[in-house]
Each structure stands twice: as C-alpha cells, then as structure tokens.
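Here are the chains, one letter per residue:
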Amino acid sequence: MSVALIVNGTDRQSSLDPETPLLWVLRDEFGLTGTKFGCGVAACGACTVHIDGEAVRACQIALGDVWGAVTTIEGLSQGDTLAPLQEAWVRHQVAQCGFCQSGQIMQAAELLAQTPEPSDEEIDAAMAGNLCRCGTYSAIRAAIHDAARALNGGSAG
Amino acid sequence: MSRLGKITRRTLLVGAVAVAGGAAFGVYQIRKPVTNPLRPEDGASLNPYVIIDQQGISIIAPRAEMGQGVHTTLAALVAEELDAEWESVRVLHGPPAAAYFNAALAHGALPVPDYDLGPWQRRVTEGLGAASKLLGLQVTGGSTSTVDGFERMRMAGASAREALKAVAAERLGVDVADLRTEAGRVIAPDGTEIDFRDLAEAAATRPVPQVELRHPYDWKLLGRSLPRSDMRAKVTGQAQFSTDIVLEGMKFATVRICPYLGGGMAGFDAEPALAIAGVEQVLDLGDGVAVIASNTWAAMQGAEAVEIDWTPSPLPPTTEAMFVQIARAFDARPNSTMRDQGKPDEVEAGIEVEYRVPFLAHSTMEPMGATAVLQDGHLTLWVGNQAPREHAKVAAQAAGVAVDNVTLHTVFLGGGFGRRVETDITRQAARIAALVPETPIRLTWSREEDMRHDFYRPAAIARMRGAVDDGRAVLFDAKIAAPSVTRAAIGRMIGREMGGPDKGHVEGAFDQPYAIPNYRVAGHLAELDVPIGFWRAVGNSFNGFFHECFIDELAHAAGRDPLQFRLDHVGAESPVAGGVLEAVRDMSDWGAPVPEGVGRGVAMTWSFGTPTAVVIDLEREQGGIRIARAFMACDPGLVLDPAIVRAQMESGLIYGLSAAVMGEITFTDGRADQGNFPDYDALRMFNAPRIEVGILQDNPHMGGVGEPGTPPAMPALANALFALTGQRVRSLPLLPHADFLI
Ligand code: FES
Ligand code: FES
C-alpha cells in the first residue's frame, strides 16, 4: 500500500502508514529535512509547508489527508535563484540559529500571496503561530515588508 | 562538514600560530606546539584555522554556531588578515581538538568585578586561560568567543598570508616585501598574480613566520556588518542540524526516560509498542527505553505506548517544598561574600524584602537530537554541541570504543543557550548506535522529553536589606540562595567537585558598578538535586533581576527618578556603565511626561564584560498590557560586526522578557509539570516590543554580546510594571500578577 503525493512539483510515493503526519514523511522518507520539528502540537510553526498554497502545520496533517500539491522550503527557490522572500531574508540577515526560519518563510509566503501589502498588524497576526526562540521578530517583519515591496514592483532594500 | 569528513592522514604540526596567545604565558607546557587536528586529504592546512584546497579557502571556526553569528565574526578575523575574498570563504565547525581551547572562558574566574579589573588582574586571568587550555576546554559559552578569537584568529590569517607570500617570493624571485595580497591572490609589482590555491601546499610546510597584526584603521571587513556566512543555507532549508543528516539504511529513534527526575525504571512491557506499524525495536536504557522505528513518528508513538513502571524521584514532592529547601541555605554560612563594603550590619534597614525566581527550561527551538553510527568499531556522530571534546569523550565511553575511534561532527545548533554543553543526548545516541551496530540512527527527542529532561536554570531566592539617606542609597545588603550551577555543570564536565567561592552564583549582583557605602552580597549554596545547568547569562539572569529591582525600590524610597538615581551611583564608579544609562535616557526621551496608561522602567546590568541598559515601555490596551517599546544600549568596547551585536542584543532581550513574562518550570513528584510550548511559551511577534539598540564603544576592554541583553530585560520589565500599576512584584514570572498580552 502506498500513498501518492506531489512534493515540490515531483510525483512521490510514500509507503508509510497513512496516519503518519506529513512532517515525518517529508523528513524521514523523502529526506526533505528543511522542514523542522519543534513541538508536534501545532504550537511553534517550525513544520510549516504549503498544500495548494495554503500554509499548514505538517505535524498535524496525516499523510492520508493531504489534499493537494505540497511545497516545502526546498521548493520555494528555483535552483540557485532565491524566491523574493528568501532574498529579503538575506538582505535583512534575519536568521540566527535558523531552526524556525523555514517555517517563518513558508508562513510569510502565504501571507504575501493573500495580502500583497500587509500592515504591521496583519503581519503580526499572520505570524503569531511561528515561534522564534532567537527573537528575530523585528528582522522578520522588516523582511516581509521589503519582500512585499519587491513583489509589487517597488524597489527593495 | 563533508569536507572535514575527508580530513585524514597527513599530520602537520604548527608552531607559534596555535599558541599565539599562549606563548606569552611563559609556561613550558603551554608553549608546546598544539597538534593541528586538520589533516585534509587534498589541499593544505596552514594552521588549525585555515584550509586551502582547489575549491578555495575554508576557515575553521573553533566555536559552535548556535545563532549568535560566531562563524561569521571568527571567520572575518581570519579573512581580514588573510586577504581572502569574503563572499567565497567557507566556514566549518572545528573537530574536537585541544588546539581549539577557549582561553577567554577563564577571564571571568577572578573574584573581582569585571568593570574594576586592574591590568595585573587581567594578566592573571590570561594565565587562567592557559589553564583552560591544559584542560582542553573547547567550550562555546560565557559570551567569550570573540574575545578569545580576537588575537588568535587574526594571527592565523596573518601567518598564513605571510607563508603564502614567502612561497610566492621564491617562485617569482622577488623580495617578499614587494608582494601584496588581495582577494585570495598574491600580487607581484609587475602585476603577476598567483592564486593562494597554487601556493598553499608549499606554504603549509614552512615554519610559521613572525607576523604583525594590522592596525584596526586598515581593516576592511572587521567593524562592518558582513553578510553572515550561514544565511543562505538557513533561508533555503539546506543548513544541517543534528537530525538532518541522511544516511543509507538509517533508522529513526526516540527515547522515553524516567520523567521523575532522579528516579529510574523498575520494568517495562514493550509489546504495545511493537504492535505499532513501523516500530522495530525497544531497547532497555536502564532509566528508560529507546524505540527504533522506520520513521520518527512511529518511534514516538511507540515510546508513548511502552508500558513502564517508573521508580520515584528523590526530590521534594512540590515546587514549594523545593523553595523551602533552597531557603534553608540561608541558615548556613555563606559560600562567598564577594562584595563586602562598609558595615552593613550596623545600618538600620528601611526596606527588607524577599525576591524569588523559578526554574527555567532552555526550550531551544530544536529539541535535542543526534545522528550516530557505529561501523567497524568506529563511532561517527553528528550533533550540534557546545563542547566537542567532552561530547566525544562521553560518546566513546557510552559506545565502549576508544576516543580515537570517535569522529564527532559539530553541525548547526538550533539554539544553544547553554543547553548543548550537556552531553546527555550524545551519550544516548552513542549507546543506541552501539546497541545496533552498523545501523545509522537518527535520534530525535520529543518536545516533552526535551522540556522534562533539561538542565534547568535554577530557582533562586534573594533576601534584601536596604536603606536610603538624603536621596542616596546607604545600604545594599543581599543574600542569594540557589543550588550552584557552577558546581553542577562544571562538575559534570570535569568529573570532580568544584570547591571554593562560587562566583557564578553571585555574578550580576556582587559585581555591579554602584558606589554604595555599605554594600554586601553573600552567596548561599542550596542542596537540591534538580538537574541544573548553564542558561543564557546564568547567575546574571536571576541576580540582575534581584539587584536592579531592589535598586528601583531604593530609588523610589528616596523619592528619586530611578534612572537619575542609578546614574548618581554609577557615574563615578564606572563612566562606561554611566554611558549606557545616559544612552537609553536619551534614546527613550526619559523624563518627558509619560501619557496615561503608559509605564516605563529601567535597569542596567554589567555582565560578560558588557554593561547593558534597558528601558521598557508598557502600554495598557484592550485585552491586556503590551510591552510596547524597548530601548537598549550596550558597550562591548570594540565592535567587530554591528549588525550581529544588534541582533544578539534583541535576541537576549526577548529571551529575558519571555522568561520574565511567562517562563516557569514547576515540579510535582520530581516531574516537570510543563511539557510543551502551550505550557511553556515565549514571546511571539505580536507581543514582542519594538526595539531600538544603541551600541557604544567606549569600553576599553572587549566584552561579550550573546548574553548581556538578557539580565537587564527582566528587571526593566518588572520596574515598568511598577510604574504602570504601582504594584511591586518581587517574583517571576509576572503573568500571574498582571494581564500581559499573550
Ligand atoms: S512542529 Fe508543527 S507546529 Fe511545531
Ligand atoms: S532563528 Fe533561532 S529559533 Fe528562530
């Protein structure tokens, strides 16, 4: 018995139990270790990935329930070309330990897809589920604004 | 990391480079050359910090990158002198090796306040640094990395550069003085360029040339905010942490160890676990079990399912009983009285109060984990850690192999904060790998396992007496009781009990730059066997709270403005500390009328060589009290990378504020009541303050930056709460007393 998935545009088969959370399928079976485990109870956001563009906690979605194409941090950039959010993250030197950052970026990507010019309040609300124990919040907020400007054709930086 | 994996065979001895700082100590054993642990298969290692091969230049960072940017700054020290091209330099974690000892760790060992260290005392502590080399302590901690690497790393770059130039001079038949270096090349007067890569092999065999370091005026990299060497990997998901190593045939493991701390396991039934799809083995670890499965989820489900008969914890049954035990330490003679001025017993106290802080978990973003395999009698581990040699030693013991048969790769740390000095995860991984030889194991702890098997920041109690007269403090008399982190953690590391006065226990209280005529700080060590360990700023994290809240009480008792009151007592004692107070005063426009519903508080702590002041503004709004703004100023002396300093200040502040608002570990029957973020949360983006950071460089001595932001954050918050509500809360966390926005 196996479950078919599309991950980062590639067809994949999982042989794990359909009850297994997507997080572990990605990390353990597919070797996509950019998605992180922080809590397992939807409280930290480290495991955030997209399903059909929607940011979800991969620790909470059973393999058998995955309803669409999965995108992970590894699928956000095109080869060596970083996504605009990742570029902004580099410009603002956001990451410290970096462990939360895959999840932060995936969450921010959904925000910008839905709200191209978010206010501070909208950013704070959207990012509330993503913990950063290194306290990089002000850099994250600045990078999201910056990426929004870049995506909207303004000048970044 | 994979490149270090290839480093084998050829052994090179280096001369003066590795001991550039050490030779000055004048002790024979310390002068002996340190073995260069780098033996690259291809390419050449010029000293323990530089490898040049056909791919380019790699710089070895002897300290662990746990977010604090140490890879970037340490590599920049080498690159500055080496004239390497910053963008193309790779930075690697060093292997376990005595060459990478941390000399600056001992800087804090003298029983003298840092701000008051005389030149001779600094020399003595440098001698103690030599002692830490003898112990071979390769530890990342105490905010020491930059101070420790400042000379050594630049020397390494400079001597490598000169060796490369010497080879080029011979080849070209020109005088070495006529050569210059730029962007990884030696350039001759006629414009001929030779790439370092083509000179490295020959340069590596040369005696180490005498070199002089460049004047800071000529620096091109240092002093600037550089792009961090680890940034790209961390925004693309490519950065490898302990459980991100993918090995052929790997199995996935987790553990469930007795949560009743100090208790054990009387027996277990593995059957329910083995019935779960994917679970393959349940191993007896003595005080718990390890479950091995085809994936981590199955392992975690399996661990939950094992039926285990735990034996009880010897600890007091409640947190309150633990505090009673801690308070008992007041009845015994103090372990230290490191500040003892005037005649405190002869001054009548106007205020006598007690403060308390709770146990705290580290709660690093990445739960503990490791990857390990025992193959043909050789153990290989990948683990993010703050003390590679200790980890390698423990791993060897646990797997029953010689330490020479251990290869330990330090990978990125998903947060450290002191937690990853501890070797428990490495011991487990090694043990499990030895139980299933030839099978690579990825061991991941659940968050619950992580939170319930921490080495906690200890709970502490302070009893304070104080008095004011004519607008000034005339008495500050503090007794501080807590179990000793120094004894617990260093004892675990070096395998014997540390005796003598415990400075770490009272730092942040005895060593503050206040001029008070009757000033005493006594440390009382409590006997309580809760596992405790280093935590961001450790002793300073509770003593800073006690000291600076009590100074606030004295200021109010004297009817004075709390910031000006501090300046009056600090200014003459230490202009450097006065400087950071003046800076936050100006940044926050302190003294301007504060609107209704706003409260502001201030605090200043001198820790790890860096005075740091914080002003916090609280705002009452619908739904709770918001930590609206924070103004911080620090003076770490010479600043090598301003953006990293700023990031560390913000990080330390948020870490401290998180603890002060809501951090608390309590115990029932020796088991931590908190297991995951819903019970032990931290500030998030919406309730973290807007932060302004001022960086001063008037301090004549370099200080650390990773920890000094944490201690003043907590008292500044409590003092702001007092300003807002008139309520003086003398215990942490504050959440039970005030409705902070969470
Ligand atoms: S691991 Fe999924 S939210 Fe924390
Ligand atoms: S960067 Fe370390 S947890 Fe966010």
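Rules used throughout
Residues numbered from 1 in each chain as written. Chains lettered and ligands numbered in written order. Predicted model: local features only at pLDDT ≥ 70, side-chain atom pairs only at ≥ 80, totals over all residues. Heavy atoms only, no water. Helix = DSSP H or I, 4+ residues; strand = E, 2+ residues; numbered from the N terminus. Contact = heavy atoms within 4.5 Å. Buried area = accessible area lost by both parts, 1.4 Å probe. Salt bridge = Lys/Arg side-chain N within 4 Å of Asp/Glu carboxyl O. Polar contact = N/O pair within 3.5 Å; in protein donor to acceptor, adjacent residues only side chain to side chain. Nonpolar A, V, L, I, M, F, W, Y, C, P; charged D, E, K, R; others polar. Domains from an automatic or database assignment. Buried < 20%, exposed > 50% of the residue type's maximum accessible area, 1.4 Å probe, protein only. Expected span 1.5 Å × (residues − 1). pLDDT = per-residue confidence, 0-100. 1 Å grid on protein atoms, 1.4 Å probe; cavity = no way out; pocket = protein on both sides within 12 Å on 5 of 7 lines; lining within 4 Å. Points joined across faces, edges and corners; volume = space filled by probe spheres on them. Phe/Tyr/Trp six-rings, centres within 6.5 Å; stacked < 30°, edge-to-face > 60°. Lys NZ or Arg CZ within 6 Å of the ring centre and 35° of its normal. Pairing = 2+ DSSP bridges. Axes fitted to C-alpha atoms, helices over the stretch in contact; angles between N-to-C directions. Parallel < 35°, antiparallel > 145°, perpendicular 65-115°, else oblique. Left-handed = near helix turned anticlockwise from the far one by under 90°.

### Focus on the environment of Ala-75 of chain B
Residue and element names in this part refer to chain B.
Inference 1: Along the chain, Ala-75 falls in helix α3 (residues 70-82).
Inference 2: Between the alpha carbons of Ala-75 and Val-50 there is a distance of 9.5 Å; along the sequence they are 25 residues apart.
Inference 3: Sequence-distant contacts of Ala-75, that is, excluding residues within four places in its chain, are made with Ile-59, Val-70, Trp-86 and Val-91.

### With respect to the interface of chain B and chain A
Inference 1: At the junction of the two partners, chain B supplies 60 residues and chain A supplies 53 residues.
Inference 2: Between chain B and chain A the total buried area reaches about 4,400 Å² when both faces are included, carbon and sulfur atoms providing 59% of it.
Inference 3: Among the residues of chain B in contact with chain A, Val-235, Met-365 and Met-685 of chain B are the three that bury the most area, contributing 20% of the side total.
Inference 4: Counting across the chain B and chain A interface gives 4 salt bridges.
Inference 5: The closest approach of N and O atoms between Asp-244 of chain B and Arg-27 of chain A, which form a salt bridge, is 3.0 Å.
Inference 6: Linking chain B to chain A there are 24 residue pairs in polar contact (both at pLDDT 80 or more).
Inference 7: Mapped by element, the contributors of at least two residues to the side of chain B that touches chain A are α7 (231-235), α9 (296-305), β20 (441-444), α13 (447-452) and α19 (642-662) of chain B.
Inference 8: At 7 residues, the largest contribution of residues to the side of chain B that touches chain A is made by α19 of chain B.
Inference 9: Class assignment of the residues belonging to the side of chain B that touches chain A gives a composition of 28 nonpolar, 19 polar and 13 charged.

### Describing the domain arrangement of chain B
Residues and elements named next belong to chain B.
Inference 1: Domains assigned within chain B are domain 1 (3-236), domain 2 (251-312 + 368-444) and domain 3 (319-360 + 456-737).
Inference 2: Counting the surface lost from both domain 1 and domain 2, the interface buries some 1,300 Å², and carbon and sulfur atoms represent 65% of this.
Inference 3: Of all residues in domain 1, Met-66, His-93 and Pro-96 bury the most surface against domain 2, accounting for 38% of the area lost on that side.
Inference 4: Here domain 1 is connected to domain 2 by 0 salt bridges.
Inference 5: Linking domain 1 with domain 2 are 2 residue pairs in polar contact (both at pLDDT 80 or more).
Inference 6: Partitioning the side of domain 1 that touches domain 2 into residue classes produces 8 nonpolar, 7 polar and 3 charged.

### With respect to the pattern of salt bridges
All names here are of chain B.
Inference 1: Summed over the entire model, instances satisfying the criterion amount to 42 salt bridges over all chains.
Inference 2: With a shortest N-O distance of 3.1 Å, Arg-419 and Asp-454 are connected by a salt bridge. With Arg-419 in the loop between β19 (406-409) and α12 (424-435) and Asp-454 in the loop between α13 and β21 (460-469), the pair connects residues that are 35 residues apart, well separated along the chain.
Inference 3: Classification of Arg-419 by relative accessible area gives buried; the value is 1%.
Inference 4: Salt bridges sharing partners connect three or more residues here, namely Glu-65, Arg-228, Asp-230 and Lys-234.

### Observations concerning the domain arrangement of chain A
All names here are of chain A.
Inference 1: Domain boundaries assigned for chain A yield domain 1 (3-75) and domain 2 (84-151).
Inference 2: Computed from C-alpha atoms alone, the centre-to-centre distance between domain 1 and domain 2 is 20 Å.
Inference 3: Facing 17 residues of domain 1, the contacting portion of domain 2 comprises 12 residues.
Inference 4: Taken together, domain 1 and domain 2 are joined by 0 salt bridges.
Inference 5: Every element with two or more residues in the side of domain 1 that touches domain 2 is listed here: β3 (48-51) and β4 (54-57).

### Observations regarding α12 of chain B
Inference 1: For α12 of chain B, which comprises 12 residues, the first-to-last C-alpha distance of 17 Å matches the rise-based estimate of 16 Å (1.5 Å per residue) to within 8%.
Inference 2: Taken together, the buried positions of α12 of chain B are Asp-424, Ile-425, Thr-426, Gln-428, Ala-429, Ala-430, Ile-432 and Ala-433 of chain B.

### Quick word on the confidence of the model for chain B
Inference 1: Per-residue confidence for chain B gives a mean pLDDT of 90; residues scoring 70 or more make up 90%.
Inference 2: Within the model, the stretch residues 1-33 of chain B combines pLDDT values under 50 with 74 contacts to residues more than four positions away or in other chains.

### Regarding empty space enclosed by the protein
Over the atoms rolls a probe the size of a water molecule, and in doing so it shows where empty space is left.
Inference 1: With the rule as written, the count across this model stands at 7 cavities of 30 Å³ or more.
Inference 2: Forming the walls of the second largest cavity are Arg-133 of chain A together with Ala-361, Trp-535, Tyr-655, Ser-658, Ala-659, Gly-663, Tyr-680, Asp-681 and Ala-682 of chain B.

### As for the packing of aromatic side chains
Inference 1: Throughout the structure, instances matching the rule amount to 14 aromatic pairs over all chains.
Inference 2: Relative to Phe-546 of chain B, the ring of Tyr-355 of chain B has its centre 6.2 Å away and its plane inclined at 55°; by these criteria the two rings are tilted. Highlighted residues: Tyr-355 of chain B in strand β16 (residues 351-357) and Phe-546 of chain B in helix α16 (residues 538-557), separated in sequence by 191 residues. Comparing Tyr-355 of chain B with Phe-546 of chain B, the two get one shared label, buried.
Inference 3: Put simply, the rings of Tyr-355, Phe-542, Phe-545 and Phe-546 of chain B touch in pairs and so form one group of aromatic residues.
Inference 4: The side chain of Arg-12 of chain A reaches across the aromatic face of Phe-30 of chain A, ending 4.4 Å from its centre.

### A closer look at the sheet that holds strand β7 (residues 180-182) of chain B
Residues and elements named next belong to chain B.
Inference 1: Strand order in the open sheet formed by 3 strands is β7-β8-β9, and the pairing between neighbours is antiparallel. The sheet is open, and its two borders are formed by β7 and β9 (193-195), each paired with just one other strand. On average, each strand axis in the sheet is inclined to that of its neighbour by 30°, with strand direction left out of account.
Inference 2: Examined bridge by bridge, β7 and strand β8 (residues 185-187) share 3 bridges and lie antiparallel to one another. Paired with Glu-182 across the bridge in β8 is Arg-185.
Inference 3: Lying over the sheet, helix α5 (residues 145-172) contacts β7, β8 and β9, oriented at roughly 50° with respect to β8.

### Focus on the packing of helix α17 (residues 562-570) of chain B against helix α18 (residues 575-588) of chain B
All names here are of chain B.
Inference 1: One can describe the packing of α17 onto α18 by two numbers: an axis separation of 9 Å at closest approach and a directional angle of 160°. The angle between α17 and α18 falls in the class roughly antiparallel. The two elements α17 and α18 cross, and the hand of that crossing is left-handed. In this structure, α17 uses Leu-563, Gln-564, Arg-566, Leu-567 and Val-570 to contact α18, whose residues at the interface are Ala-577, Gly-578, Leu-581, Glu-582, Val-584 and Arg-585.

### A look at the side chain of Thr-236 of chain B
Residues and elements named next belong to chain B.
Inference 1: Mapped onto the secondary structure, Thr-236 falls in the loop between α7 and β10 (251-257).
Inference 2: For Thr-236, a relative accessible area of 8% puts it in the buried group.
Inference 3: From its side chain, Thr-236 meets the backbone oxygen of Arg-232 in a polar contact 2.8 Å long.
Inference 4: A distance of 3.4 Å separates the side chain of Thr-236 from the backbone oxygen of Ala-233, its partner in a polar contact.

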